[in-house]
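Residue strings, one per chain:
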Amino acid sequence: MSTEDSNSRNSYGEDASPAVDAGVSQQIRDIAEVPAVEVITTGAVHLMSAAAVKVGLADDPNAEDLKDLDEARKLITALAGLVSAAAPEIGSQHAGPLRDGLRSLQLAFREASLIPDAPGKGPGEKFTGPVN
């Protein structure tokens, strides 16, 4: 297969149309314009929102039905890792509110748990330290 042939095919070996290539190029340019701090904070907000629903904090009459503490633990731990790792890079003006939201989720998780984790063993606490 020539280089020209391989350039006109997508990763599935199908022919890629110029319109698709132009759309992908535009998406790449759009992403290139977004500051890293915005990408990081947006990801953190998505993790926070998902964790809040899984902890049972959804503003919905069926919030209790949506609660899943096993899933919430994973999301909170991932959020704690992201916030802890990103804080020096994004600065305190962005990291502060993320830490506050994380702490609120950790406390809500502790309150929602039938058997609370030992101090320092709750979700994300290996990154943040014990939350009281």
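Draft legend 1. Summary view of helix α5 (residues 69-90). With 22 residues, α5 should cover 32 Å at 1.5 Å per step; its first-to-last C-alpha distance of 29 Å lies within 8% of that length. Listed as buried for α5 are A72, L75, I76, L79, A80, G81, V83, A86, A87 and I90. Packing partners of the buried residues in α5 comprise α3 (36-55), α6 (92-112) and α7 (125-128). The backbone nitrogen of D70 lies 3.3 Å from a side-chain oxygen of the residue at the head of α5, namely D68. Downstream of α5 by one or two residues, G91 has phi in the positive range, about 85°.

Draft legend 2. Just the confidence of the model for the chain, in detail. Here the chain averages 90 in pLDDT, and 87% of its residues register 70 or above. Considering each helix and strand of the chain separately, the mean pLDDT is smallest for helix α1 (residues 3-7), with a value of 49, and largest for α5, with 98. A low-confidence stretch, residues 1-6 stays under pLDDT 50, and its non-local contacts, those more than four residues away or across chains, total 2 contacts.

Draft legend 3. View of α6. The terminal C-alpha atoms of α6, which comprises 21 residues, lie 29 Å apart, in line with the 30 Å expected from a rise of 1.5 Å per residue. Those residues of α6 that fall on the buried side of the exposure criterion are A95, L98, G101, L102, L105, Q106, A108, F109 and A112. The buried residues of α6 occupy an angular sector of 165° when the element is viewed end-on, so they sit on one face. Counted as exposed and oriented over 90 degrees from the buried face of α6: S92, Q93, D100 and E111. Contact partners of the buried residues in α6: α3, α5 and α7.

Quick notes on the rules
- Residues numbered from 1 in each chain as written.
- Predicted model: local features only at pLDDT ≥ 70, side-chain atom pairs only at ≥ 80, totals over all residues.
- Heavy atoms only, no water.
- Helix = DSSP H or I, 4+ residues; strand = E, 2+ residues; numbered from the N terminus.
- Expected span 1.5 Å × (residues − 1).
- Buried < 20%, exposed > 50% of the residue type's maximum accessible area, 1.4 Å probe, protein only.
- Contact = heavy atoms within 4.5 Å.
- Polar contact = N/O pair within 3.5 Å; in protein donor to acceptor, adjacent residues only side chain to side chain.
- pLDDT = per-residue confidence, 0-100.
- Arc of directions from axis to C-beta.

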